[in-house]
Amino acid sequence: MKIIVCFKIIADYARLSEKDWTWDERHCVDTGFVRRIFNCFDESALEMALTLSHPSGHLPDTADLTALTVDDPQGDLFLRHLMAIGYDHAVRIQCSADLDLRFNPSGISFLIAEYIRRNGHELVFSGIQGGDGDNWQTGLLIAERLGWPCIREVTRVIRTDEPDRLTVESRTDGAILVQTVRLPLVLTIGQSLDAPCLRLPTLKQKLAAKKRQVTIVPGRDLTVADNSIRPKGKTLVDLERPKTKQACVFIDGQNPHQMVRHLYDHYLKNRLNR
């Protein structure tokens, strides 16, 4: 079984202050000073695929596992992390610097689907949404371009005794749907209280991964021209800073005594008297 997991690296937007949310004439927010992280849904997809590729029990360990991202050279650090924890191949599709793919699920899906088509993968994992756009479209568009079925909001995948079939659990209308499906297949991983966290490599695994090479695939090798992946008839005209709810309430007062009185009168008094 050839498995490929498509993932995205994003800036940790929670670390941006309100004054950092400014953008240039291309509507790009400067996040160069902020750490980058795995998109949370893709992180679950990466761990789920890794678990599936190394089953316990009587099933043979015959899966070939590839991690794929469309990114700049900063993505290599994350790809080596994945090779350290057990991924067989790490692939980065690199496009020209002037190509804006932030809000372009059509272009991203074109590149990913073309790579999958050329390399014979049978099972595709991705997060249900990710990063800048949160558009929920990329996984579905990959499936459409490949002509494969797609199951959304997957919470669990189990191998069966038949090598071309999987048991897939997914959320639908507030319930859990369990079905046995045949490959090829696209799975998008959604929200779940039991979503797996991506494992961490040991120091020995990290050192071994440094000796391995990330495969770089130029975007132009997957398409005739950049025009085929540029947004058609769509222009980004504005951005809006995401609104977030405050996680705390500031207590007013001129001195500690007043602050403690305010805390007692407004938050503790009623609870203590219940």
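Residues numbered from 1 in each chain as written. Predicted model: local features only at pLDDT ≥ 70, side-chain atom pairs only at ≥ 80, totals over all residues. Heavy atoms only, no water.

*Asks:* Describe in detail the overall build of the chain, supporting the description with residues and values.
*Replies:* Helices and strands together make up the secondary structure of the chain, namely six helices and 11 strands. Overall, the C-alpha framework of the chain stretches about 70 × 50 × 45 Å when taken along its three principal axes. Every one of the 274 residues in the chain was classed for burial, and the buried ones make up 39%. Contacts spanning at least 24 positions in sequence make up 72% of the contacts within the chain whose residues lie at least 6 apart. Working note: accessible area of the chain is about 16400 Å², and carbon and sulfur atoms make up 51% of it. In the chain, 36 positive and 35 negative side-chain charges are present, and the distance between their average locations comes to 3 Å. (Helix = DSSP H or I, 4+ residues; strand = E, 2+ residues; numbered from the N terminus. Buried < 20%, exposed > 50% of the residue type's maximum accessible area, 1.4 Å probe, protein only. Contact = heavy atoms within 4.5 Å. Areas by Shrake-Rupley, 256 points an atom, 1.4 Å probe, with all protein chains shown as cover. Lys, Arg positive; Asp, Glu negative; His and termini not counted. Charge placed at Lys NZ, Arg CZ, Asp CG, Glu CD.)

*Asks:* Which residues make up the side chain of Q129, and what are the values?
*Replies:* Among the structural elements, Q129 can be located in the loop between β6 (123-127) and α4 (138-146). Owing to a relative accessible area of 15%, Q129 belongs among the buried residues under this scheme. At a separation of 2.5 Å, a polar atom in the side chain of Q129 contacts the side chain of W136. (Polar contact = N/O pair within 3.5 Å; in protein donor to acceptor, adjacent residues only side chain to side chain.)

*Asks:* Give a detailed account of the nonpolar core, specifying residues and quantitative values.
*Replies:* Formed by 38 residues in total, the largest nonpolar core has its most connected members in Y87, L123 and F125. Going through the elements one at a time, β1 (2-6), α1 (40-53), β4 (64-70), α2 (76-84), β6, β7 (150-159), β8 (165-172) and β10 (185-189) are the ones with two or more residues in this core. Apart from the residues lying within four places of it in its own chain, the contact partners of Y87 are V5, L46, A49, L50, L65, T66, A67, L82 and R212. By size, the runner-up hydrophobic cluster in this structure holds 22 residues, among which are I93, A113, I116 and V186. (Core = buried A, V, L, I, M, F, W, Y, C linked by side-chain atoms within 4.5 Å.)

*Asks:* Kindly report on the sheet that holds strand β9 (residues 175-182), identifying the contributing residues and their values.
*Replies:* With mixed pairing, the nine strands of this open sheet are ordered in space as β9-β8-β7-β10-β6-β1-β4-β5-β11. A strand with exactly one partner marks an edge of an open sheet, and here the two such strands are β9 and β11 (215-218). Each adjacent strand pair in this sheet contributes to an overall mean axis angle of 35°, direction not counted. Looking at chain direction, strand β5 (residues 89-94) and β11 are connected through four bridges and run parallel. Along β11, the bridge assignment pairs V91 with T215. Docked against the sheet, α2 engages β4, β5 and β11, running at close to 165° with respect to β5. (Pairing = 2+ DSSP bridges. Axes fitted to C-alpha atoms, helices over the stretch in contact; angles between N-to-C directions.)

*Asks:* For the environment of W21, give the residues involved together with the corresponding values.
*Replies:* By the element assignment, W21 lies in the loop between β2 (9-11) and β3 (36-38). Sequence separation of W21 and R118 is 97 residues, and the distance between their C-alpha atoms is 40 Å. Ignoring any residue separated from it by four or fewer positions in sequence, one finds W21 in contact with Y13, L16, V29, R241 and P242.

*Asks:* Talk me through the pattern of salt bridges; I want residue IDs and the actual numbers.
*Replies:* Under the definition given, this model contains 12 salt bridges. Between D12 and R15 there is a salt bridge, and its shortest N-O distance comes to 3.0 Å. For D12, a relative accessible area of 9% translates into the label buried. The closest approach of N and O atoms between R35 and D12, which form a salt bridge, is 2.9 Å. (Salt bridge = Lys/Arg side-chain N within 4 Å of Asp/Glu carboxyl O.)

*Asks:* Quick one: what's the story with the pairing of β1, residue by residue and with numbers?
*Replies:* Extensive coverage of β1 is indicated by the burial of four of its five residues. Strand direction decides the pairing type here: β1 and β4, joined by five bridges, are parallel. Of the residues in β4, the one forming a bridge with I4 is T66. Alignment of β1 against β6, held across four bridges, turns out to be parallel. Directly across from I3, in β6, lies its bridge partner L123.

*Asks:* Requested: an account of helix α6 (residues 256-272), with residues and values cited.
*Replies:* The end-to-end C-alpha distance of α6 is 21 Å, clearly below the 24 Å that 17 residues give at a rise of 1.5 Å each. Along its length, α6 shows its largest kink, about 45°, at D265. N-capping of α6 is provided by N255, with a side-chain oxygen placed 3.1 Å from the backbone N of H257. (Expected span 1.5 Å × (residues − 1). Bend = angle between axes of the 7 residues up to and from the residue.)

*Asks:* Quick rundown of unusual backbone geometry? Include the residues and the values.
*Replies:* Cis peptide bonds are those with omega within 30 degrees of zero, and the linkage from L183 to P184 qualifies with 5°. Along the chain, P184 falls in the loop between β9 and β10. Its identity as a non-glycine residue notwithstanding, E153 has a phi of 50°, on the positive side. Position of E153 among the secondary structure elements: in strand β7.

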